[in-house]
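Listed here are the chains, written in short residue letters.
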Amino acid sequence: MDISMVKFDEKGLVPAIVQEENGQVLMLAYMNEESLKKTLETGYTWFYSRSREKLWNKGETSGNVQKVREISYDCDGDTLLVRVHQTGVACHTGTYSCFSGRRLGENEKSVAVVPEEPKASLANVLNDLYEVIRDRQLNPVEGSYTNYLFQHGQDKILKKVGEEAAETIIASKNMDRKEIAYEMGDLWYHCLVLLAFHNLSPEIVFRELRNRRNGGNYHKFEGKTGNRPEM
């Protein structure tokens with residue numbers, strides 16, 4: 001394959017902007033010649049980790065793979081634009097895009113990161129991710145990890161929930177904050193898949209938690225009773 005038009009920097013790298021099919025920018029990563037060739041050969045994104053100094057396949061462990069639709073290079077040949085079909089979330093923190101809810105705000109002394117409505121953002125992110133999962137469930141896409149889970153049924157989904165819960169436990173025991181966030185993101189994603197399998201929405205969980213917080217009848221919307229302690 002001819003990639004001679006791509007200009008790698010002195011370290012052999014080229015920045016790659018990853019964009020969803022709908023135009024949303026998902027992330028920025030770096031490719032070297034080998035990872036670019038693997039991306040073109042496999043049809044899924046491969047990058048070069050500058051911190052670990054090794055190749056990595058996006059979604060290899062989390063399942064949040066990126067099916068490549070198109071790769072373009074800019075007028076100077078030193079930046080790539082990779083249009084993909086994203087499965088799950090793109091960011092290791094659990095947000096759909098690495099740029100979600102992260103905006104710079106200026107004042108006289110400094111530039112600070114200002115989060116967008118932190119109390120509401122989690123529900124928004126979970127609902128947005130759930131909508132993507134439901135869309136994959138209703139409109140299967142070839143190569144989609146989410147569809148792979150639905151195709152293999154409840155046992156496969158439950159197995160993944162158990163695996164991700166165990167990995168979250170290990171990360172916590174290791175006191176690794178970054179890994180805790182990463183593994184819990186995987187766990188929440190697979191829990192949302194499980195909800196979709198049962199045709200339940202995240203709202204039913206939100207309602208359960210609100211009822212517990214308010215000391216109400218936690219299970220009245222399901223016609224159940226229980227004696228769980230209040231939070």
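Just above sits the structure.
All values derive from a computational prediction rather than experimental measurement.

**Details of the pattern of salt bridges**
Phase 1: Counting across every chain of the model gives seven salt bridges.
Phase 2: With a closest N to O distance of 3.4 Å, Asp135 and Arg136 form a salt bridge.
Phase 3: A residue is classified by how much of its surface remains accessible, and Asp135, at 35% relative accessible area, is partly exposed.
Phase 4: Put simply, Lys160 and Glu164 hold a salt bridge, and the shortest N to O gap is 3.7 Å. Within this pair, Lys160 and its partner Glu164 are both found in helix α3 (residues 145-173), separated by four residues, close to a single helical turn. For the pair Lys160 and Glu164, a shared accessibility class is recorded, and that class is buried.
Phase 5: Connected via shared salt-bridge partners are Lys160, Glu163 and Glu164.

**Quick look at unusual backbone geometry**
Phase 1: Backbone geometry at Met175 places phi at a positive 55 degrees, although glycine is not the residue there.
Phase 2: Summarising the element assignment, Met175 is placed in the loop between α3 and α4 (177-197).
Phase 3: Even without a glycine there, the phi angle at Asn199 is positive, about 60 degrees.
Phase 4: Mapping Asn199 onto the fold places it in the loop between α4 and α5 (202-214).
Phase 5: The class for Asn199 is exposed, based on a relative accessible area of 56%.

**Some details on the packing of α3 against α4**
For any two helices packed against each other, one specifies the crossing angle of their axes together with the interaxial distance.
Phase 1: The contact between α3 and α4 brings their axes to 8 Å, and the two run at 150 degrees. Relative to α4, α3 is oriented roughly antiparallel. Here the hand of the crossing between α3 and α4 comes out left-handed.
Phase 2: Within the contact of α3 with α4, the residues separate by chemical class into 17 nonpolar, six polar and six charged.

**Section: the sheet that holds strand β5 (residues 66-73)**
Phase 1: If you trace the four strands from one edge of the open sheet to the other, you get β2-β1-β6-β5, paired in mixed fashion. The open sheet has two free edges, formed respectively by β2 (25-31) and β5, since each of these has just one partner strand. For this sheet the average axis-to-axis angle between neighbouring strands, irrespective of direction, equals 25 degrees.
Phase 2: Where strand β1 (residues 14-20) meets β2, six bridges bridge the pair, whose relative direction is antiparallel. For Val14, the partnering residue across the bridge sits in β2 and is Met31.

Thresholds, definitions, all that
Residues numbered from 1 in each chain as written. Predicted model: local features only at pLDDT ≥ 70, side-chain atom pairs only at ≥ 80, totals over all residues. Heavy atoms only, no water. Salt bridge = Lys/Arg side-chain N within 4 Å of Asp/Glu carboxyl O. Buried < 20%, exposed > 50% of the residue type's maximum accessible area, 1.4 Å probe, protein only. Helix = DSSP H or I, 4+ residues; strand = E, 2+ residues; numbered from the N terminus. Axes fitted to C-alpha atoms, helices over the stretch in contact; angles between N-to-C directions. Parallel < 35°, antiparallel > 145°, perpendicular 65-115°, else oblique. Left-handed = near helix turned anticlockwise from the far one by under 90°. Nonpolar A, V, L, I, M, F, W, Y, C, P; charged D, E, K, R; others polar. Pairing = 2+ DSSP bridges.

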